[in-house]
Amino acid sequence: MALARRNNQPDNRDTVRINSNIRISPVRVVSETGEQLGVISTDEALSRARDVGLDLVEVAPNERPPVCRIMDYGKYKYDKNKKTNRNQSHTKTKEIRLRPKTGDEDIRTKIRRAEKFLMHKDKVQVSVLFRGREMAHIEEGRKVMEQVIELLEEVGKVETAPQQHGKRMICMIAPK
C-alpha cells in the first residue's frame, strides 16, 4: 500500500526571491541607479549588493537569464503594499445621537460635527433616542430629525429615510 506524499515545501508562487534564495546563476543585474551591469554570476551580484548595503532582488524570474535588481527590499515591499492599499475605499460610518428635547444650539453643534464627517467622505448615522414618556411624542423626534436633514442638505444626501427602530429613530446620510 502506497502512502500519499505531503508537499513540505512552502508555496512560493507569489513571493520574490532575494539574496541567497536566488539559486540560478548567471543573472542579469540592474544596479541601484538603474544602470545595466550585464550578465554576471549570482555570487558576484550578491557581493556587489552587499558592498552598497542593499539586497539582490529577483524582479523577472521567468526570463533567461533571470533579471535581478540591487535595491532596498524592505522599502520595495512597503511601496508595493502602499500601492495596493491606495485603491481601497475610505468610507466609515459615524453616528450623532440626539434626543427629542435637545436644544437648538446643541443640535447646531452636532450638525457642525456631522458636516466635518461628511467632508472627510464618512457616512453619518443620525439617531434620535426616545426614553420613557418621550415614546408618546414621536412627532417631536421626527421634527428634530427633519431639522437635521434640512441643515445637512448642502454637504450630504439622505441614503435611508428616517425609520423607527424600537426606541430610536435612525437616518443614514451619505456625502455628496
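The structure we're discussing is the one just above.
Residues numbered from 1 in each chain as written. Predicted model: local features only at pLDDT ≥ 70, side-chain atom pairs only at ≥ 80, totals over all residues. Heavy atoms only, no water.

## Concerning the pairing of strand E2 (residues 36-40)
In this sheet, E2 lies alongside strand E1 (residues 27-30) in antiparallel orientation, the contact comprising 4 bridges. Along E2, the bridge assignment pairs Arg 28 with Val 39. Hairpin connection, E1 to E2: the antiparallel pair is bridged by 5 residues, and Gly 34 has positive phi, about 95°. (Pairing = 2+ DSSP bridges. Helix = DSSP H or I, 4+ residues; strand = E, 2+ residues; numbered from the N terminus.)

## Overview of helix H4 (residues 138-151)
With 14 residues, H4 should cover 20 Å at 1.5 Å per step; its first-to-last C-alpha distance of 20 Å lies within 8% of that length. Along H4, the residues that are buried comprise Gly 141, Val 144, Met 145, Val 148 and Ile 149. Along the long axis of H4, the arc covered by the buried residues comes to 135°, so they all point the same way. Away from its buried face by more than 90 degrees, H4 exposes Lys 143 and Glu 150. Considering only its buried residues, H4 is in contact with strand E5 (93-98), helix H3 (104-119), strand E6 (123-129), strand E7 (156-165) and strand E8 (168-175). (Expected span 1.5 Å × (residues − 1). Buried < 20%, exposed > 50% of the residue type's maximum accessible area, 1.4 Å probe, protein only. Arc of directions from axis to C-beta. Contact = heavy atoms within 4.5 Å.)

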